[in-house]
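Below are the chains, spelled out letter by letter.
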Amino acid sequence: MLSELLQGIESGGFLIIRGKLIHILCFDVSEEELKDGLKPSDTQRLHIHNAYSDPLGWTGHPNFTVQQFSLEDLTNLVKQTSQPKPAVLVIDSLSWILRHKTPPAVCQTLQQLRKGGAVRAVIGLLHTDMHQRGTVGSVCHLATSLISVAPGVKGKEAVARVTKRSKSGKVMQDEEIFCIAEDFTVTILSKPSHAEHKTNSTEEEQTDPTANLTFNLRLSDSELEAKQKLTLPFVFSKEKKTALLHPGPGSGRILYEPDANDDYDQEDPDDDLDV
Amino acid sequence: MFTELNSILNTSPDSYTRGEFILVSDRQSDASFLIHHFLSFYLRARCKVCFLGLAQSFCHYSAVSQRLGVSLTQAKEKGQLVFFEGLKECLSVLTPKENNVESEAMNFLRDPPVGLRSLYEFVRSSVIGSDNMEEGAEQWGPSVLLVDDLSVLLSLGVDVGAVLDFSHYCRALVCSQVQGNMVMLVRCNGEEDDDDDDDDDGDIGSDVLLKGLTHQCNLNLHVQGLPTGYCKDIHGQMEVCWKRRQGDAPHMQKNLFQYKVYDKGASFFARGTSSAVL
């Protein structure tokens, strides 16, 4: 599903770049760092808007500030290239914007961008460990497709959890292991379901403590049966209860005839009071 | 300058990658010995160093650098080192005297919401200002910014977002524009992965700051105590984490070393190969 997603959008700031017009709004990285490693044929189709060098307007002549992250300014930015087709907007990164603008404002702008016609698709990068869960949840809820990347078991691999919400309301989820080659092509490796089986088998393979001893701690089958049949002396099972409460015939009976010595009155030890 | 650390990082005063942001972080430990290493390293590499010493006085750094074979007073006189003594500047803001010209850089002490823009302007003037040199002055290499340490700013009341903005702007200026290097120290107190909501804001702030800076940096040196406890011969462990290496494949590379700090240096070795063990 990851590959379908990547091909469906036909772009990707740090992944494969193919086809249509792509605008990249850079907050986190400089233009040179972004272009590093990409082929010149690909970089021609990219329009990189530098919001990295002065996003807050401290130098006095900023290129693009974080305050300009609104529908009108972004639409003007994208329409600068004067192409008839709507473009794809890549935002690196949404975390930067979320630090300076309130989450509701950012969500509103993203939703307006989606509804407006200037931009065909918006791809945003979010560092989830930088924000509270509520903020992350709100932004992720807006997205039609969500790719969560986590480090994989081996060094170069990573695990991607893909959630796709289609227009009909159907939600599809998938988990895949992928790795990125030096020329930025994404290779989907196997699914991680077998990794869970691996952890189960390691638990079962725990060492058996009764092995490798000089004495025998194991039970044979007949001994195991006898052990299970044994009733413990102080366990109050149902049979014992009934046996005690209802003494059957043949069990010991106690016959008692009251003796004069047993009739000891605490208040009249000599038994000579006439009360 | 620690020669073993140079071989681990594959650098030397004669050849080092430019445009790098090196983040030195520690958790319940003290990584300031790495700041002394980088200070002596870049002074030996004949770079122009701008040092924001917010945690200690100039005499402290001078004394330690003397042991590493570098004289800070000489570097300052020659114009190679621009030293910002945070402790002194704080006093001049808080107790202004008539003759003292108040430096603008620490004006966030009076008004923390203002942020660190003036501190950034100070850094900018010392990094860019080196272009306008008098004739006869020595030519220095690329500019380097060293900050010791950013967590002090948090404890002085500055917001985490403001510190992240400051480091972003410094990176845009020093690493991208001037193609120099930047080394910053961040200290955390809390335990890792502590989701307890009862933590006081200080711990959460420094953790968020560390996470934000880790995303921005090229190389992260994370210093921690040993997970097994105190040891006389091994002072701690250091994790070297390479990110965003230009020209390499886009994935992270991590290495773990243990270290011991001596009087005139520090030695780094792989886990289990300390001289006390072997």
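Residues numbered from 1 in each chain as written. Chains lettered and ligands numbered in written order. Predicted model: local features only at pLDDT ≥ 70, side-chain atom pairs only at ≥ 80, totals over all residues. Heavy atoms only, no water.

## Concerning the overall build of chain B
When you go through chain B residue by residue, the secondary structure sums to 9 helices and 9 strands. Considering chain B as a whole, with its 278 residues, one finds that 53% of them fall into the buried category. Of the contacts made within chain B by residues no fewer than 6 positions apart, 70% connect residues no fewer than 24 positions apart. With an accessible surface of roughly 13100 Å², chain B has 46% of that area assigned to carbon and sulfur atoms. (Helix = DSSP H or I, 4+ residues; strand = E, 2+ residues; numbered from the N terminus. Buried < 20%, exposed > 50% of the residue type's maximum accessible area, 1.4 Å probe, protein only. Contact = heavy atoms within 4.5 Å. Areas by Shrake-Rupley, 256 points an atom, 1.4 Å probe, with all protein chains shown as cover.)

## Comments concerning the confidence of the model for chain B
With 87% of its residues at a pLDDT of 70 or more, chain B shows a mean pLDDT of 84. Taken over the whole predicted complex, pTM reads 0.77, whereas the ipTM for its chain interfaces reads 0.77. (pLDDT = per-residue confidence, 0-100.)

## Focus: the interface of chain B and chain A
With 24 residues of chain B at the contact, the number on the chain A side is 25 residues. Note on chain B versus chain A: buried area summed over both sides is about 2200 Å², and carbon and sulfur give 55% of it. For the interface between chain B and chain A, the tally reads 1 salt bridge. At the junction of chain B and chain A, the tally comes to 12 residue pairs in polar contact (both at pLDDT 80 or more). The set of elements that each furnish at least two residues to the side of chain B that touches chain A consists of helix H6 (117-128), helix H8 (160-177) and helix H9 (201-216) of chain B. Per-element accounting of the side of chain B that touches chain A gives the leading share, 9 residues, to H8 of chain B. Class assignment of the residues belonging to the side of chain B that touches chain A gives a composition of 9 nonpolar, 8 polar and 7 charged. (Buried area = accessible area lost by both parts, 1.4 Å probe. Salt bridge = Lys/Arg side-chain N within 4 Å of Asp/Glu carboxyl O. Polar contact = N/O pair within 3.5 Å; in protein donor to acceptor, adjacent residues only side chain to side chain. Nonpolar A, V, L, I, M, F, W, Y, C, P; charged D, E, K, R; others polar.)

## Here we look at the pairing of strand E2 (residues 48-53) of chain B
Residue and element names in this part refer to chain B. When you tally the buried positions in E2, you get 6 out of 6 residues, the bulk of the element. Burial along E2 is two-sided: Lys48, Cys50 and Leu52 facing one way and Val49, Phe51 and Gly53 facing the other are all buried. Where E2 meets strand E4 (residues 143-148), 6 bridges bridge the pair, whose relative direction is parallel. Of the residues in E4, the one forming a bridge with Val49 is Val144. As paired elements, E2 and strand E3 (residues 81-85) share 5 bridges and run parallel to each other. Within the sheet, the bridge partner assigned to Val49 lies in E3 and is Leu81. (Pairing = 2+ DSSP bridges.)

## What to know about the environment of His215 of chain B
Mapped onto the elements, His215 of chain B comes out in helix H9. The spacing of His215 of chain B and Trp242 of chain B is 27 residues in sequence and 11 Å in space, taken between C-alpha atoms. A polar contact of 3.4 Å, which involves the side chain of His215 of chain B, links it to the side chain of His127 of chain A.

## Remarks on the pattern of salt bridges
Within this structure, the stated rule accounts for 9 salt bridges over all chains. Here Glu175 of chain A and Arg161 of chain A are joined by a salt bridge, their closest N and O atoms 3.4 Å apart. Here the residue Glu175 of chain A occupies a position in strand E7 (residues 171-180), and Arg161 of chain A occupies one in strand E6 (residues 158-165), the gap between them amounting to 14 residues. Since its relative accessible area comes to 41%, Arg161 of chain A is described here as partly exposed. A salt bridge links Lys88 of chain B to Glu85 of chain B, with the nearest nitrogen and oxygen atoms 4.0 Å apart. You can call Lys88 of chain B exposed: its relative accessible area is 57%.

## Observations concerning the nonpolar core
Residue and element names in this part refer to chain B. Leu145, Leu150, Phe166, Met184 and Leu209 are the most contacted members of the largest nonpolar core, which totals 43 residues. Excluding residues that lie within four positions of it along the chain, Leu209 makes contacts with Leu150, Leu154, Val160, Val163, Leu164 and Val186. Counting residues in hydrophobic clusters, the runner-up holds 42 residues, among them Ala75, Leu219, Met238 and Tyr259. (Core = buried A, V, L, I, M, F, W, Y, C linked by side-chain atoms within 4.5 Å.)

## Details of the sheet that holds strand E8 (residues 253-261) of chain B
All names here are of chain B. Taking strand neighbours across the sheet as the criterion, the 9 strands line up as E3-E2-E4-E5-E1-E6-E7-E8-E9 in an open arrangement whose pairing is mixed. At either end of the open sheet lies a strand with only one pairing partner, and these are E3 and strand E9 (266-270). Pairs of neighbouring strands in the sheet enclose a mean axial angle of 20°, with direction left out of account. Direction of pairing for strand E1 (residues 21-27) relative to strand E6 (residues 219-224): parallel, over a ladder of 6 bridges. For Leu23, the partnering residue across the bridge sits in E6 and is Asn220. (Axes fitted to C-alpha atoms, helices over the stretch in contact; angles between N-to-C directions.)

## A closer look at the sheet that holds strand E3 (residues 87-92) of chain A
Each strand in a sheet pairs with another by means of backbone hydrogen bonds, the pair being arranged parallel or else antiparallel. Residue and element names in this part refer to chain A. Reading across the sheet, the 4 strands line up as E2-E1-E3-E4 and stay open at both edges, with parallel pairing between neighbours. The two strands at the open ends of the sheet, each matched to only one other strand, are strand E2 (46-50) and strand E4 (119-124). Going across the sheet, the axis of each strand differs from the next one's by a mean of 20°, ignoring polarity. Packed on one face of the sheet, helix H4 (residues 71-79) meets strand E1 (22-26), E2, E3 and E4 and runs near 130° to E1.

## Focus: helix H2 (residues 32-44) of chain B
All names here are of chain B. Along its 13 residues, H2 runs 19 Å from first to last C-alpha, staying within 8% of the 18 Å computed at 1.5 Å per residue. Of all 13 residues that make up H2, 12 are buried, and the element is covered over most of its length. Restricting attention to buried positions, one finds in H2 the residues Ser32, Phe33, Leu34, Ile35, His36, His37, Phe38, Leu39, Ser40, Phe41, Tyr42 and Leu43. Directly after H2, the chain includes Arg46, whose backbone phi takes a positive value near 60°. (Expected span 1.5 Å × (residues − 1).)

## What about the environment of Val163 of chain B?
All names here are of chain B. Tracing the backbone shows Val163 in helix H8. Among the residues examined, Val163 registers a relative accessible area of 0% and is labelled buried. Between the alpha carbons of Val163 and Leu91 there is a distance of 21 Å; along the sequence they are 72 residues apart. Setting aside anything within four residues of it in sequence, one finds Val163 in contact with Leu116, Leu150, Leu153, Leu154, Val158 and Leu209.

## Some details on unusual backbone geometry
The omega angle of the peptide bond from Asp92 of chain A to Ser93 of chain A is 5°, so this bond is cis rather than trans. Relative to the helices and strands, Ser93 of chain A resides in the loop between E3 and helix H5 (94-100). Look at the link from Asp148 of chain B to Asp149 of chain B: it is a cis peptide, with omega at -15°. Mapped onto the elements of the fold, Asp149 of chain B is located in the loop between E4 and helix H7 (151-155). We note that Gln28 of chain B has phi near 55°; this positive angle belongs to a residue other than glycine. Examined against the element boundaries, Gln28 of chain B turns out to sit in the loop between E1 and H2.

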